[in-house]
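So the chains spell out like this:
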Amino acid sequence: MCSSDLHSSCTENLCTANNVDEGNYSIRHHNTSCQCENIEAASSDLCSILHNGQIPLFTISGSDDDIHIHVLPSESTRKYVAISHVWSDGLGNPEENSLPRCQLQFLQKCLANLEGLGSDPCHRLLWMDTISVPATSDAGRAAAILAMRKTYEEAEAVLVLDMGILSVKAPSNHEEILV
């Protein structure tokens, strides 16, 4: 058994530290003192795209107080970045397809730092379960989950966000990063 409170319910064969209780889930702001509003993607748009056999993608546009999510269907010519994240870090939302404005601004900054991708960061297409998997439609949610393997396979890149890793100061070499 692990020693910290975070791991108090873990066993030798199963770590439950990052398990999420959706009934008591707390969406986190990027800064703990922030009280900004949630920005939402329309579940009906997501469901319509999934019903047509496509992957719902989105862009984040604007800045500061004027930030928007635009939902678009995937096409074979459209490249996108899939964002994988740890729900226990607060980037999920079990009730609606939205995130606090400050979290969307944080994502914009992360995407601006991605190197080697051809698309302009301001117009980069994204897929992220919190926004792209319908939260209010069981049929839409099921369709999105069934398409998840395809979603990650067809992504131009996958950005993995883990607050534990992001909090580590820049290591001096690649071996330290892997450790």
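Everything below is about the structure shown above.
Residues numbered from 1 in each chain as written. Predicted model: local features only at pLDDT ≥ 70, side-chain atom pairs only at ≥ 80, totals over all residues. Heavy atoms only, no water.

Asker: Would you take a moment to explain the side chain of Q105 for this structure?
Answerer: Mapped onto the elements of the fold, Q105 is located in helix α2 (residues 101-112). According to the relative accessible area criterion, Q105 is buried, its value standing at 17%. (Helix = DSSP H or I, 4+ residues; strand = E, 2+ residues; numbered from the N terminus. Buried < 20%, exposed > 50% of the residue type's maximum accessible area, 1.4 Å probe, protein only.)

Asker: Explain the pattern of salt bridges here, please?
Answerer: Opposite charge on two side chains permits them to pair, given that their charged atoms come into close proximity. According to the stated counting rule, one finds four salt bridges in the structure shown. The salt bridge involving D65 is made with R101; its shortest N-O contact spans 3.4 Å. Here R101 lies in helix α2 and D65 lies in the loop between β2 (56-63) and β3 (66-73), a separation of 36 residues in the sequence. With relative accessibility at 64%, the residue D65 sits in the exposed group. Measuring nitrogen to oxygen at the nearest pair gives 2.9 Å for the salt bridge that ties R149 to E153. Taken together, the residues span about one helical turn, with R149 and E153 both in helix α5 (residues 148-154) at a distance of four residues. On the basis of relative accessibility, which here comes to 55%, the residue E153 falls in the exposed class. (Salt bridge = Lys/Arg side-chain N within 4 Å of Asp/Glu carboxyl O.)

Asker: Hey, could you run me through the state of the cysteines in this one?
Answerer: A covalent bond between the sulfur atoms of two cysteines is what we call a disulfide. Tallying each qualifying case throughout the model produces zero disulfides. This cysteine, C102, is not joined by any disulfide, and C36 carries the nearest cysteine sulfur, 3.6 Å off. (Disulfide = S-S within 2.5 Å.)

Asker: When you look at helix α1 (residues 43-51) in this model, what are you seeing that I'm missing?
Answerer: An α-helical segment advances 3.6 residues per turn. Residues three or four places apart therefore align on the same side. Of all the residues in α1, the buried ones are S43, L46, I49 and L50. One side of α1 carries all its buried residues, which in axial view fall inside an arc of 130°. In α1, the exposed positions that point more than 90 degrees away from the buried face belong to S44 and H51. Lining the buried residues of α1 we find β2, β3, α3 (129-132) and α4 (138-146). After α1 finishes, the residue G53 shows a positive phi value of roughly 80°. (Arc of directions from axis to C-beta. Contact = heavy atoms within 4.5 Å.)

Asker: Sorry, what's going on with the environment of S63 here?
Answerer: Relative to the assigned elements, S63 resides in strand β2. The exposure class assigned to S63 is partly exposed, which follows from its relative accessible area of 43%. When the C-alpha positions of S63 and L104 are compared, they lie 9.3 Å apart, and in sequence the two are 41 residues distant.

Asker: Hey, could you run me through the packing of aromatic side chains in this one?
Answerer: Each pair of aromatic rings is reported with the distance of its centres and the angle of its planes. All chains considered together, the criterion is met by one aromatic pair. Between the aromatic rings of W127 and Y152, the centroid separation amounts to 5.4 Å while the plane-to-plane angle is 70°, which identifies the pairing as edge-to-face. With W127 in strand β6 (residues 125-128) and Y152 in helix α5, this pair connects stretches of sequence that are 25 residues apart. A residue is classified by how much of its surface remains accessible, and W127, at 2% relative accessible area, is buried. (Phe/Tyr/Trp six-rings, centres within 6.5 Å; stacked < 30°, edge-to-face > 60°.)

Asker: I'm lost on the nonpolar core in this one. Help?
Answerer: Within soluble globular proteins, side chains that are nonpolar generally end up buried alongside one another. L104, L107 and L161 are the most contacted members of the largest nonpolar core, which has 20 residues in total. Elements represented by at least two residues in this core include exactly β2, β3, β4 (80-85), α2, β6 and β7 (157-161). A total of five residues in this core trace back to one element, the largest contributor, which is α2. (Core = buried A, V, L, I, M, F, W, Y, C linked by side-chain atoms within 4.5 Å.)

In short, the description is geometric, and any link to function would need to be established separately.
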